[in-house]
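Take a look at the letters that make up each chain.
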Amino acid sequence: MLPQTSILLFFSLFFLSLSSFISSTILSNLTLPHQHPHPEAVVQQVQRSINASISRRRELLAPGQSQCLTGNPIDDCWRCDPDWAANRQRLADCGIGFGRGALGGKGGRFYVVTDSSDRDAANPTPGTLRHAVIQDEPLWIIFQSNMVIKLRHELIFNSYKTVDGRGARVHITGNGCITLQFVSHVIIHNVHVHDCSPSGHTIVRSSPSHAGWRGTSDGDGISLFTARNIWIDHCALSRCKDGLIDAIMGSTAITISNSYFSHHDEVMLLGHNDKYLLDSGMQVTIAFNHFGEGLVQRMPRCRRGYIHVVNNDFTQWEMYAIGGSARPTINSQGNRYTAPTDPNAKEVTKRVETDEGEWSGWNWRTDGDIMVNGAFFVPSGEGLSMQYAKASSVEPKSVGLIDQLTANAGVLGGPRDNSVSISYGGEGSAAGATTANGGGGSNDGGDGDYFGMIFGSGAAPTRLSPPTTTTMLLSLLIILFLYTTTNHGGSLSLLPSFSL
């Protein structure tokens, strides 16, 4: 006679296993909104745009003639226009990579920030940056003059915003700094972000119709939480409490370009934790950046996802440059890696807390990278697999021009990293623009969209596959087990009585 407790234990374990199997099947089949189905095609597109821009520069460059083309496809898209200040929104058409679709405030009104104060996070003053970024409508935000904006708490953005610091020297610092949570289509361009500290335990407004209680923030420079279609360009980031840029919880469709990173330990985190499966859909392009003095590690540190690192200049690290866990795909093309003098820190890559038997199958590729001062990249996975067949079909010929492509990384029109000055023609002004004063209906871009993100913002959930042969066999075994125990007098008091 089989004890009743054994029967209960058997069924508990069976249904627990079945539940885990179904849950993992559902989660592994989920895709994120704006996740590109063919990331290698995006890589190809980036390389084509770089090579086309370099070719155009060579064709137009006459001997001894000075001209503005650099071969950097983002900058060449808008900087050669002498009337760029009157055509600011053209910038939205210049993106590359996974964040190329970020619209920012394109098509919206201009909002001129005239007040650098941040007195009340729950009730922002019109004319402040905080008042601008919470509005429901698309806005192209510019600055009346140079200013240092010292935040009291997190600066929480609404969707469809461009922060355009061209024509002014704008510093964002203080408590919380920039938070992009449950939002999309944000462009942050040409601002300094530095010395950011944790904050919270207060009410912060995120839209004209919603203000909510915030816990303690991490102290990131720019924090992405379930954010998509994000482009960060020509920014200077340094000295924050946690990361300079962190993207977690299913954020995707991101480009980080032409920026200058310095004086920080854990520079960039991509991915929430090793078990968070939705970050498998994270796709990030990191292009034309300068990773400079005083950096230690995480340039970036990746969990899951597809990360394209192209034409960056890594001039300093103390531990490693690129790290990861949980099987991310890392495609490194045309970068320059300059190792530190420490003989124990020459390796560019680091598999974090993972045995070689596990990471040897991860797809980490180096293609056309330049290694300086003993730097070395440890590739893994099937180097010539189908995963990289398309990506490697366009050779990254631009690596020899890395100085030229990254020469203007950081903030334009002033010190790009608080020490180096770069100028560009025609200081822009806010003349003719009108100050937007907000209003409008509710579009919080906040808490309510979480499950919409998971299941594709209203799209039908992924359908389960039909029962497999294994599942059917398990069911037959259970029936056979019940039949056997019943015929031998087993106690099945939890089941309805029946006779055979």
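The structure displayed is predicted, hence computed values, not measured ones.

(A) Spotlight on unusual backbone geometry. With omega at 10°, the peptide bond leading from Met-299 into Pro-300 counts as cis. Inspection of the secondary structure assignment puts Pro-300 in the loop between β22 (295-297) and β23 (301-303). Backbone geometry at Phe-182 places phi at a positive 55°, although glycine is not the residue there. Tracing the backbone shows Phe-182 in the loop between β7 (178-181) and β8 (184-189). On the basis of relative accessible area, Phe-182 is assigned to the buried category, the value being 9%. A positive phi angle, close to 60°, is found at Arg-327, a residue other than glycine. Relative to the helices and strands, Arg-327 is located in the loop between β26 (322-325) and β27 (329-333). A relative accessible area of 52% places Arg-327 in the exposed class.

(B) Representation of the environment of Asn-258. Relative to the assigned elements, Asn-258 resides in the loop between β16 (252-257) and β17 (260-262). The spatial distance from the C-alpha of Asn-258 to the C-alpha of Ile-232 is 8.4 Å, given a sequence separation of 26 residues. At 2.8 Å, the side chain of Asn-258 and the side chain of Asn-72 are in polar contact.

(C) Summary view of the nonpolar core. Counting residues in each nonpolar core, the largest one holds 66 residues, and the members touching the most others are Leu-129, Leu-180, Leu-224 and Phe-261. If we skip the residues at most four places from it in the chain, Phe-261 touches Leu-237, Leu-244, Ile-245, Ile-256, Val-267, Met-268, Asn-289, His-290, Phe-291, Gly-292 and Leu-295. Val-46, Ala-92, Cys-94 and Phe-288 belong to the second-largest nonpolar core, a separate cluster that totals 22 residues.

(D) A look at the pattern of salt bridges. Per the stated rule, a full pass over the model turns up 13 salt bridges. Across the salt bridge formed by Glu-266 and Arg-298, the nearest N and O atoms sit 3.6 Å from each other. Of the two residues, Glu-266 sits in strand β18 (residues 264-266) while Arg-298 sits in the loop between β22 and β23, which places them 32 residues apart along the sequence. Note that Arg-303 and Asp-274 form a salt bridge whose closest N and O atoms lie 3.2 Å from each other.

(E) The sheet that holds strand β25 (residues 313-314), seen in detail. Strands sit in the order β3-β6-β9-β14-β17-β21-β25-β28-β31 across an open sheet of nine strands; the sheet is parallel. If you trace the sheet from one side to the other, it starts and ends with β3 (147-151) and β31 (370-372), each paired once. As judged from the five bridges shared by β3 and strand β6 (residues 170-175), these two strands associate in the parallel manner. Residue Met-147 lies in a different strand from β6, and its bridge partner there is Val-170.

(F) Here's a closer look at the confidence of the model for the chain. For the chain, per-residue confidence averages 81 on the pLDDT scale, and 73% of positions sit at 70 or higher. Here residues 18-29 is a poorly scored stretch, pLDDT under 50, and it has four contacts once near neighbours within four places are set aside; other chains count.

(G) Focus on the pairing of strand β10 (residues 202-207). In terms of burial, β10 is a largely internal element, five of the six residues being buried. Looking at chain direction, β10 and strand β11 (residues 210-214) are connected through five bridges and run antiparallel. Within β11, the residue paired with Ser-207 across the bridge is His-210. With antiparallel pairing between neighbouring strands as the criterion, β10 and β11 make up a hairpin whose turn holds two residues.

Conventions and cut-offs
- Residues numbered from 1 in each chain as written.
- Predicted model: local features only at pLDDT ≥ 70, side-chain atom pairs only at ≥ 80, totals over all residues.
- Heavy atoms only, no water.
- Helix = DSSP H or I, 4+ residues; strand = E, 2+ residues; numbered from the N terminus.
- Buried < 20%, exposed > 50% of the residue type's maximum accessible area, 1.4 Å probe, protein only.
- Polar contact = N/O pair within 3.5 Å; in protein donor to acceptor, adjacent residues only side chain to side chain.
- Core = buried A, V, L, I, M, F, W, Y, C linked by side-chain atoms within 4.5 Å.
- Contact = heavy atoms within 4.5 Å.
- Salt bridge = Lys/Arg side-chain N within 4 Å of Asp/Glu carboxyl O.
- Pairing = 2+ DSSP bridges.
- pLDDT = per-residue confidence, 0-100.

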